Amino acid sequence: MSDSTTRGRGRPRRTASDATGTRDAILAAARAEFSERGYDKTSVRGIAKAAGVDSALVHHYFGTKEQVFAAAIEVAFAPALNAPEALADGPLDGVGERLTRFIFGIWENPTTRAPLLAIVRSAVNNETAAAVFRRLVASQLLRRVAAQVDLPDAELRAELAAAQLVGTAMLRYVIKVEPLASADPEVIIARVAPVVQGHLTHP
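Rules used in this analysis
Residues numbered from 1 in each chain as written. Predicted model: local features only at pLDDT ≥ 70, side-chain atom pairs only at ≥ 80, totals over all residues. Heavy atoms only, no water. Helix = DSSP H or I, 4+ residues; strand = E, 2+ residues; numbered from the N terminus. Buried < 20%, exposed > 50% of the residue type's maximum accessible area, 1.4 Å probe, protein only. Contact = heavy atoms within 4.5 Å. Areas by Shrake-Rupley, 256 points an atom, 1.4 Å probe, with all protein chains shown as cover. Salt bridge = Lys/Arg side-chain N within 4 Å of Asp/Glu carboxyl O. Axes fitted to C-alpha atoms, helices over the stretch in contact; angles between N-to-C directions. Parallel < 35°, antiparallel > 145°, perpendicular 65-115°, else oblique. Left-handed = near helix turned anticlockwise from the far one by under 90°. Core = buried A, V, L, I, M, F, W, Y, C linked by side-chain atoms within 4.5 Å. Phe/Tyr/Trp six-rings, centres within 6.5 Å; stacked < 30°, edge-to-face > 60°.

A.B. asks: How do you make sense of the overall build of the protein when you look at a structure like this?
C.D. replies: What the protein contains, in helices and strands, is 11 helices and zero strands. Counting all 203 residues of the protein, 40% fall into the buried class. Looking at the protein alone, contacts between residues at least 24 apart form 65% of all its contacts between residues at least 6 apart. Working note: accessible area of the protein is about 11,400 Å², and carbon and sulfur atoms make up 54% of it.

This is how it looks when you write it as structure tokens:
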């Protein structure tokens with residue numbers, strides 16, 4: 001019997017596309033599980049079941065539940081990571097409106113809002129999830145925004161601007177406080193943008 005025949009009767013070799021598909025399925029299942037159940041009630045076993053794979057594969061691709069969460073939120077948070085480019089794309093006196101419009105554009109889009117809600121809900125309810133979220137925001141977003149602000153205390157300025165945007169988003173999309181939750185997005189942008197501008201550029 002030839003080697004090729006022997007291999008043919010064994011388990012098929014996994015290709016790179018198979019691995020990518022499995023990894024993507026796990027991430028999609030993880031985002032759904034974290035969104036529905038929160039960080040505490042989500043398990044690696046539950047993610048594996050939702051993805052239709054063995055738990056060992058989840059550990060193989062990502063490691064611990066914390067690492068799965070980190071990978072899942074990095075994908076979900078990816079649209080917001082383009083915010084620094086929005087800052088650079090225009091004059092300094094319009095940076096507040098550009099950043100505010102960019103961030104609320106992400107929140108207003110149902111496709112990008114759903115995974116963000118999952119991130120925020122998990123981060124609010126669990127310190128481990130919050131720590132993962134803080135690391136991502138600090139390393140991937142705030143430091144890059146601060147690098148665009150050529151003024152003293154750039155990191156503090158970036159954090160204050162982010163606090164304004166995140167706080168408003170929390171009240172509108174997560175807690176749904178009225179009348180903020182039902183207000184026209186353009187009204188919100190018009191009121192929030194000058195505050196963000198002040199944090200980023202005023203002496």
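Structure shown, so let's carry the discussion forward.
A.B. asks: For this particular structure, what's the right way to read the pattern of salt bridges?
C.D. replies: Close approach of charged atoms allows side chains with opposite charge to pair. Counted under the stated rule, the structure contains four salt bridges. With a closest N to O distance of 2.8 Å, E186 and R101 form a salt bridge. Here R101 lies in helix 7 (residues 95-108) and E186 lies in helix 11 (residues 185-201), a separation of 85 residues in the sequence. With a shortest N-O distance of 2.9 Å, R172 and E108 are connected by a salt bridge. Remark: E108 occurs in helix 7 and R172 occurs in helix 10 (residues 154-174); sequence separation between them is 64 residues. For R172, a relative accessible area of 7% puts it in the buried group. According to the relative accessible area criterion, E108 is partly exposed, its value standing at 29%. Three or more residues are tied together by salt bridges with common partners; here these are E97, R101 and E186.

A.B. asks: Sorry, what's going on with the side chain of T201 here?
C.D. replies: The topology assignment puts T201 in helix 11. Take T201: its relative accessible area is 18%, and that puts it in the buried class. Discounting residues that sit within four places of it in the chain, T201 has contacts with L92, V95, L151 and R157.

A.B. asks: Quick question: what am I supposed to make of the packing of helix 10 against helix 11 here?
C.D. replies: Helix-helix packing: each pair is described by the crossing angle between the helix axes and the interaxial distance. Contact geometry of helix 10 with helix 11 gives a least axis separation of 7 Å together with a crossing angle of 160°. Relative to helix 11, the element helix 10 is oriented roughly antiparallel. Here the hand of the crossing between helix 10 and helix 11 comes out right-handed. Note on element contacts: helix 11 touches helix 10 through P185, I188, V192, V195, V196, G198, H199, L200 and T201, opposite R157, A158, L160, A161, Q164, L165, T168 and R172.

A.B. asks: What exactly am I supposed to notice about the nonpolar core here?
C.D. replies: Counting 53 residues, the largest nonpolar core has F77, W107 and L200 as its most contacted members. Mapped onto this core, the elements with two or more residues apiece are helix 2 (16-41), helix 3 (44-51), helix 5 (65-77), helix 7, helix 8 (110-125), helix 9 (127-148), helix 10 and helix 11. In terms of residues, this core owes the most to one element, helix 9, which gives 10 residues.

A.B. asks: Before we go on, may I ask you to explain the packing of aromatic side chains in this structure?
C.D. replies: Any pair of aromatic rings gets described here by the distance separating the centres and the angle formed by the planes. For the coordinates displayed, the defined rule picks out six aromatic pairs. When the ring of F34 is compared with that of Y39, the centres are 5.8 Å apart and the planes differ by 10°; the resulting orientation is stacked. In this structure, F34 and Y39 share a single accessibility class: buried. Geometrically, the ring pair formed by Y61 and F62 is tilted, given 6.4 Å between the ring centres and 50° between the ring planes.

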